[in-house]
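# Reading the structure
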Amino acid sequence: MKLSIVILNYNVRHFLELCLKSVQAATVTIHSEIIVVDNNSEDDSCQMVKNLFPDVILIEEKTNGGFSKGNNIGVARAKGEYLCILNPDTVVAEDTFLKLLEFSETKDDLGIVGCKLINGSGVFLPESKRNIPYVSVALKKICGHSKTYYANHVSHDGIGEVEILVGAFMFLKREVYNEIGGFDEDYFMYGEDIDLSYSVLQAGYKNYYYGKTSVIHYKGESTLRDKNYARRFFGAMQIFYEKHFKSNAVFDFVVWVGIKFFYLLRKVPHVRKKQIQAYYLVSKARNLSLEKFLDRPVVLKSDLKTVETDVEVIFDGNFLSFKEIIQFIESSFSQNKALTYKILPNNSDFIIGSDNGLARGEIISLK
């Protein structure tokens, strides 16, 4: 088997459905398997997978053991030569895995490969490629100066060696993953992707950023907006430094201060709710369900050359490929940053999307 895609799910049933449909479309010509590990979701994620995706391997955990443990469970079941660790709130293009396989097989020292991630509005996510967060770099990032935190020596659309890749999308050989020991389960959430990337480098492999394929990641990079996140973020950095570097009193002090006081000092981004006057449906045919359930006019469009800022665009997955949808969002963002988007997955009864990287997004039922 060539490829195993491992998806760890927790309470994001609709995003998982969209993700699985995109992954299925991207693996039609690849000898592959899809493994979903569910971390004891309270929604109907597992039943949805059983009903709609009977060929997907579903592992139902009875507890939420965290990101690292869940993915390790999935990889232990995998049979592919290559792995893709994939978040459930992602959408891949039909040729994403084909491009990465072609690229990977030209490298003898292959570690982890990442790709270009954008959020639901088309904004490039800089965490797609990062540098090793040495103490000085991490402190600057915490204080809001992130230039040295990200791998800016490689362009968004470029290809090159980078040090750290993001856990939302990691492509690598299964034997490398197992050689490193997989994700360190000391990390419950946050930091495990930094640790794995660094461990792969320490084992003599090279990590690469491949910017010739784009993947939507709806959640985007988390921000320090509550005490729990601050505690987990700083705690993950403590684990990383204790494991890979000698103890650093300065950073330990900053961790303590951060957990105690950062919540009070943080800047909370103001997200203004967009006032939608109409919906533009990019499709070949009208959709009566949309017109019935949406309380705004739905205008049929074949392209987005002329779009007002107070509309929301809906991409019809029954007529458009996932690659076309991703390209539409990327190209439209460069021309009109005020646009927002939803996707109507093929053969689904909901539309889904996210206007920014600070929230999981919005789901509108059509039933």
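Preceding block: the structure.
Now for a look at the structure at hand. Here the structure is a predicted model, which means the values were calculated and not measured. (Residues numbered from 1 in each chain as written. Predicted model: local features only at pLDDT ≥ 70, side-chain atom pairs only at ≥ 80, totals over all residues. Heavy atoms only, no water.)

## Concerning the overall build of the protein
For the protein, the count of helices and strands is 11 helices and 15 strands. Burial statistics for the protein: of 367 residues in total, 54% are counted as buried. In the protein, the proportion of contacts linking residues at least 24 apart, taken out of those at least 6 apart, comes to 75%. Here the protein has roughly 16600 Å² of accessible surface; of this, 50% comes from carbon and sulfur atoms. (Helix = DSSP H or I, 4+ residues; strand = E, 2+ residues; numbered from the N terminus. Buried < 20%, exposed > 50% of the residue type's maximum accessible area, 1.4 Å probe, protein only. Contact = heavy atoms within 4.5 Å. Areas by Shrake-Rupley, 256 points an atom, 1.4 Å probe, with all protein chains shown as cover.)

## As for the pairing of strand β6 (residues 110–118)
Counting buried positions along β6 yields nine of nine residues, so the element is predominantly enclosed. As judged from the seven bridges shared by β6 and strand β9 (residues 206–217), these two strands associate in the parallel manner. Counterpart to Ile 118 in the pairing with β9 is Ile 216. Pairing analysis gives two bridges linking β6 to strand β8 (residues 169–173), with the strands arranged antiparallel. Following the sheet pairing, Val 113 is matched in β8 by Phe 171. (Pairing = 2+ DSSP bridges.)

## Section: the pattern of salt bridges
Evaluated as defined, the whole model comprises 20 salt bridges. A salt bridge links Glu 330 to Lys 116; the shortest N-O distance between them is 2.8 Å. On the criterion of sequence distance, the pair formed by Glu 330 in helix α11 (residues 322–335) and Lys 116 in strand β6 is long-range, its members being 214 residues apart. Asp 195 is paired through a salt bridge with Lys 243; the nearest N and O atoms lie 3.0 Å apart. Of this pair, Asp 195 sits in helix α7 (residues 192–202) while Lys 243 sits in helix α8 (residues 227–244); the two residues are 48 residues apart in sequence, bridging distant segments of the chain. (Salt bridge = Lys/Arg side-chain N within 4 Å of Asp/Glu carboxyl O.)

## A look at the packing of aromatic side chains
Any pair of aromatic rings gets described here by the distance separating the centres and the angle formed by the planes. One pass over the structure, following the stated rule, counts 11 aromatic pairs. With a centroid separation of 5.6 Å and an interplanar angle of 80°, the aromatic rings of Phe 103 and Tyr 208 are classed as edge-to-face. Note that Phe 103 is positioned in helix α4 (residues 96–104) and Tyr 208 in strand β9, a separation of 105 residues in sequence. Exposure class is identical for Phe 103 and Tyr 208. Each is buried. Here the aromatic residues Phe 67, Tyr 177 and Phe 183 are joined through ring pairs into a cluster of three or more. Taking NZ or CZ as reference, Lys 129 lies 5.7 Å from the ring centre of Tyr 209, over its face. (Phe/Tyr/Trp six-rings, centres within 6.5 Å; stacked < 30°, edge-to-face > 60°. Lys NZ or Arg CZ within 6 Å of the ring centre and 35° of its normal.)

## Here's the deal with the pairing of strand β3 (residues 57–60)
Pairing geometry for strand β2 (residues 32–38) and β3, over four bridges, is parallel. Across the sheet, the residue bridging to Val 37 is Ile 59, located in β3. At this point the chain moves from β2, through helix α2 (residues 45–52), to the parallel β3, and the crossover so formed is right-handed. (Right-handed = clockwise from strand over helix to strand, strands pointing away.)

Keep in mind that these numbers describe shape and distance, not what the molecule does.
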